[in-house]
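Spelled out from the first residue to the last, the chains are:
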Amino acid sequence: MSKFYITTAIHYVNDDPHIGHMYENVVADVIARHRRRMGDDVWFLTGADEHGQKIERAAAKEGIQPIELADRVVAKHHEMWRKLNISHDDFIRTTEQRHRLGVLELIRRIQERMPDDIYLGEHTGWYCQNEETFVPENQVRDGKDESGHPVEMTTESNYFFKLSRFTEPLLAHYRQNPGFVYPPTRMNEIVSFVEQGLKDLSVSRTSIKWGIPFPGNPDHVVYVWLDALTNYISALGFGSAEHARFDHDWPADIHLVGKDITRFHAVYWPAFLMAAGLPLPKRIVGHGWWLRDNQKISKSLGNVVRPYNIIDEFGADSLRYFLLREMVFGQDQNYSDEAFLGRYNADLANDLGNTLSRTTKMTDTYFGGKTPPTSCPANELLRASEQLVPEYLKAMADLAFQRALDAAWKLLVAVNGYIVNREPWKKFKESGADETLSRILWNTLEAQRIVWVMMAPFMPSTTREALTRLGADPDFINSDALAWGGLPTGAPVRATDAIFPRIDIDAYIKGVPVEEKNEVPAAPAPAAPETPAPSLATPPDSAKISIDQFMEIDLRVAEVRAAERVPKSKKLMKMTVSTGDEERTIVAGIATKYTPEELVGRKIVIVANLQPAKLMGIESNGMVLAASIDGEPSLLSVDAGVPAGTKVK
Ligand code: MSP
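None of the values given here were measured: they were computed from a predicted structure.

## Some words on the sheet that holds strand β11 (residues 217-222)
Strands sit in the order β9-β11-β10 across an open sheet of three strands; the sheet is antiparallel. A single partner strand is all that each edge strand has here, and the edge strands are β9 (204-205) and β10 (213-214). The pairing of β9 with β11 spans two bridges and is classified as antiparallel. Residue pairing in the sheet places Ser 204 in a bridge with Val 222 of β11.

## Some thoughts on the domain arrangement of the protein
You'll often see interface size given as the accessible area lost when the parts meet. For the protein, the assigned domains read domain 1 (3-306), domain 2 (338-482) and domain 3 (541-648). Distance between the C-alpha centres of domain 1 and domain 2: 42 Å. Between domain 1 and domain 2, the contact holds twelve residues from the first and 17 residues from the second. Summing both sides of the interface, domain 1 and domain 2 together bury roughly 1,200 Å²; the carbon and sulfur share of this comes to 67%. When the area that domain 1 buries against domain 2 is broken down by residue, the three leading residues are Val 30, His 34 and Arg 37, summing to 50%. Here domain 1 and domain 2 share zero salt bridges between them. In this assembly, domain 1 and domain 2 are joined by five residue pairs in polar contact (both at pLDDT 80 or more).

## Focus: the site of the ligand
Inspection of the region around the ligand gives 25 residues, with Glu 24, Asp 49, Gly 258, Asp 260 and Trp 290 positioned closest. Note that a nitrogen atom of the ligand is positioned 2.9 Å from one of the backbone N or O atoms of Ile 10. Take Asp 260: an N or O atom from its side chain is 2.6 Å from an oxygen atom of the ligand. Bound to the protein, the ligand loses 96% of the 660 Å² it would expose on its own. Put simply, the parts of the chain that give the shell around the ligand at least two residues each are β1 (3-12), α1 (19-37), α7 (224-229), α8 (231-234) and β12 (254-258). The greatest single-element share of the shell around the ligand, amounting to four residues, is contributed by β1.

## Some details on unusual backbone geometry
Following Tyr 182, the chain continues into Pro 183 via a peptide bond in cis, with omega recorded as -5°. With respect to the helices, strands and loops of the structure, Pro 183 is situated in the loop between β7 (181-182) and α6 (184-195). For the bond running from Trp 250 to Pro 251, omega is 5°, close enough to zero to count as cis. Turning to its location among the elements, Pro 251 is positioned in the loop between α9 (244-249) and β12. Despite not being glycine, Leu 399 shows a phi value in the positive range, around 60°.

## Observations regarding the packing of helix α12 (residues 316-326) against helix α15 (residues 401-422)
Two numbers describe a pair of packed helices, the interaxial angle and the distance between the axes. As a packed pair, α12 and α15 sit with axes 7 Å apart at the nearest point and diverge in direction by 110°. It follows that α12 is roughly perpendicular to α15 by the angle criterion. On α15, the residues touching Tyr 321, Leu 324, Arg 325 and Glu 326 of α12 are Phe 401, Gln 402, Leu 405, Asp 406 and Trp 409. Residue composition of the contact of α12 with α15, grouped by class: five nonpolar, one polar and three charged.

## Considerations on the pattern of salt bridges
Scanning the model with the defined rule gives 39 salt bridges in all. Between Asp 347 and Arg 343 there is a salt bridge; the shortest N-O distance is 2.7 Å. Pair noted here: Asp 347 and Arg 343 are both in helix α13 (residues 337-367), with a separation of four residues, about one helical turn. With a closest N to O distance of 3.1 Å, Glu 583 and Arg 561 form a salt bridge.

## Comments concerning the sheet that holds strand β16 (residues 333-334)
Pairing within the open sheet is mixed, and its three strands lie in the order β15-β14-β16. The sheet terminates laterally at β15 (295-296) and β16, the two strands that pair on one side only. In the sheet, strand β14 (residues 290-292) pairs with β15 via two bridges, with the strands oriented antiparallel. From the neighbouring strand, Arg 292 faces β15, where its bridge partner is Gln 295.

## Topic: the environment of Met 1
Topologically, Met 1 is positioned in the segment before β1. Note: C-alpha distance between Met 1 and Asp 312 (311 residues apart in sequence) is 37 Å. Apart from the residues lying within four places of it in its own chain, the contact partners of Met 1 are Gly 39, Asp 40 and Asp 41.

## Describing the environment of Leu 599
Here Leu 599 lies in helix α22 (residues 596-599). The spacing of Leu 599 and Thr 185 is 414 residues in sequence and 57 Å in space, taken between C-alpha atoms. When residues no more than four places from it in sequence are discounted, the contact partners of Leu 599 are Val 560, Ala 563, Met 573, Met 575, Ile 590, Tyr 594 and Leu 635.

## A closer look at the pairing of β11
The pairing of β10 with β11 spans two bridges and is classified as antiparallel. Looking at the pairing, Phe 214 lines up with Asn 217 of β11. Where β10 folds back onto β11 in an antiparallel hairpin, the turn is made up of two residues, including Gly 216, whose phi is positive at roughly 85°.

## Quick word on the pairing of strand β4 (residues 118-128)
Bridging between β4 and strand β6 (residues 151-161) involves eleven bridges; their strand directions are antiparallel. The residue of β6 that forms the bridge with Ile 118 is Phe 161. When β4 meets strand β5 (residues 133-135), the two strands line up antiparallel, connected through three bridges. If you follow Cys 128 over to β5, its bridge partner there is Thr 133. If you look at the hairpin formed by β4 and β5, you'll find four residues sitting between the two strands, and Glu 132 has a positive phi there, around 55°.

## Focus: helix α17 (residues 435-455)
Here α17 is 21 residues long and its end C-alpha atoms lie 30 Å apart, about the 30 Å a rise of 1.5 Å per residue gives. In terms of burial, α17 is largely enclosed, as 18 of its 21 residues are buried.

## Quick look at the packing of helix α5 (residues 167-176) against α6
Interhelical geometry of α5 versus α6 gives an angle of 155° and a closest axis separation of 10 Å. Looking at the two axes, α5 sits roughly antiparallel to α6. Seen along the crossing, α5 lies across α6 with a hand that is left-handed. Where α5 abuts α6, its residues Thr 167, Leu 170, Leu 171 and Tyr 174 lie against Met 187, Ile 190, Val 191, Val 194 and Glu 195. Residue composition of the contact of α5 with α6, grouped by class: seven nonpolar, one polar and one charged.

Criteria and thresholds
Every chain is numbered on its own, with residues counted from 1 as its sequence reads. Given that the model is predicted, a residue must reach a pLDDT of at least 70 before its local features are reported, and side-chain atom pairs must reach 80 or more before they are shown or counted; all residues, however, enter totals for whole chains, interfaces and linings. Excluding hydrogens and water, the side-chain figures rest on all heavy atoms present in the structure. One requirement defines pairing of two strands: DSSP has to find at least two bridges between them. Working definition: helices are DSSP H or I runs of at least four residues, strands are E runs of at least two. Numbering for both runs from the N terminus. Each domain's extent is set by a domain assignment, obtained either automatically or from a database. Two residues form a contact once any of their heavy atoms are found within 4.5 Å. Once two parts are joined, some of their accessible surface, as seen by a 1.4 Å probe, is lost; buried area is that loss totalled over both. Here a salt bridge means any side-chain nitrogen of Lys or Arg lying within 4 Å of a carboxyl oxygen belonging to Asp or Glu. Whenever two N or O atoms come within 3.5 Å, that pair is a polar contact, provided that in protein one can donate a hydrogen and the other can accept it, and provided that, for residues adjacent in sequence, both atoms are side-chain atoms. One heavy atom suffices: a residue is near a molecule or strand as soon as one of its heavy atoms comes within 4 Å of it. Here the accessible surface of atoms and residues is derived via Shrake-Rupley with a 1.4 Å probe, and residues count as covered only by protein chains that are part of the display. Fitting a line to C-alpha atoms yields each axis, with helices limited to the stretch in contact; the angle taken between N-to-C directions then spans 0 to 180 degrees. Here the word oblique covers every angle except those under 35 degrees (roughly parallel), over 145 (roughly antiparallel) and from 65 to 115 (roughly perpendicular). All residues other than Ala, Val, Leu, Ile, Met, Phe, Trp, Tyr, Cys, Pro, Asp, Glu, Lys and Arg, Gly among them, are scored as polar; the first ten of these are nonpolar and the last four charged. Here a helix's expected span is defined as the number of its residues, less one, multiplied by 1.5 Å. Three labels apply to residues, based on accessible area from a 1.4 Å probe with only protein chains included: buried if under 20% of the type maximum, exposed if over 50%, partly exposed otherwise in between. Handedness of a helix crossing follows the sense of rotation of the near helix relative to the far helix, less than a right angle counterclockwise being left-handed and clockwise being right-handed.

In structure tokens:
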């Protein structure tokens, strides 16, 4: 049994988890689950990066202590990893004592081995507060760094790490270990960066309070990256009395990180470790970004995608599958709900789901709900699986998840072709549930069992369900389970409802208001009309609308008669409003700010002639007017005594 230690980056806690974070943890989880079932002794670490200016500022903005913010966001990360079925063995927080001990020990070892490797100096340069790093002169343009974040000329008295001393040792390490950074394009980027020569790195800050005090000089805190990177060893007990796990698991087999932080992991981290005389991680794997409209999804860009509804409605497994199927590992990929829904219907509901229901239903009818009595040791599906399983295993080892899933799909396609060719329904009519039919159906179930065993790391809970339906043991997913012949005969088969019910995509898209769909900040009152109101469209040749166009909008005073929150929605409120002579239902995104009690009896202003729109399945007839302050709605109100139904213009 070989040990396998895999880590994700530890995520900043100034933001709730978004799709980029989800992706990283799902990828690590798929790798960890696969390795475990192949027999490795896996240790999977994830965690939270809690120190530094970003968090200090975000907390100050809310008027709370940084640790309060961290506690709150970490709770959300835990909740998300639970929902996504992430099987990490440990979760490290950089505010924990064990982490602090690890950081102090790392610095102590560096200072002990080579007293000059950390020295006090003065540093002046372009500092990017967003990235918490000094930016090289050649990367600054018009006061901004390469990512467009503002930089400021800053001077600080800092401790420096003699990174320059490691230019050659690092290059030698890359030469001797060409797979140290993966994929190779990323390795090339790192090599050419280091070949330009490394400058010493400032590793302390005086401008920040929220961090680990620098040993021997508490006016400084440890630079956030030196602090954060150490999590990979502090979590194993490095620096504390209980370091058995460190002795067993270090060096890491994979540090899985986004391409934006590959450099910190492939240059700074190995240099720190070399300086401390510790072994280097075996592989830094840099994945691509999830993009929205071709821009990296991130809090600072405000284009965050958090497909929380998708997980709640369609299950974590379908999102896990989508994330790995859609993205060529290492490259960037645009996210859209539409792409998710399309794949769900085509791959999951249709390919996987239909094949399963078709074959289990036939088995149920022809063989009384049991796997057929005669198995089959030689046939074309067996041959297909013997060819595709090695393809799959090779792809998994190469972290080529799309290719791995393709191999599983090829077997599924073969199963469908086999059913079409053999026409089991005809055979049943002709000669009943005889031995030939038994072999045919058993083969279709057995090949699917193997398909599902391949899917196990990707869709762990659906795999259990599917294996149970097929009459297989849901726990039998190890490497032996990938060999032909594992399906018992005469075992109960379950032919029930669709494992992935088909989605009516049009209805779903129309029924989900934009800001509910992805929680992208949007206007507070979700109009989401079925078709955009043509009269409101901006004329092509002018940014202004005419008075006639404005007069087409029927604005009215309305009185709220009843209000209730829309179940499963954080934002939506369903209201019955009166416009004097009639009552109507309006659904509005104001539930984060107003309670039903506050609303009943209140006079508001509505757009009365908007086409109806369905929001979370409820038909909304009109739109409530509200101002939006940082996404927070504030309802427009009218003077007392203005009767409901009065026109507003
Ligand atoms: N705290 C640092 C990492 C320290 S590791 C010692 C950090 N945190 S982060 O929250 O900004 O990012 C965490 C991980 O999520 C990083 O690997 C980052 O690349 C990844 N992603 C953040 N946004 C992403 C996308 N839009 N797409 C895919 N992953 C990206 O960096």
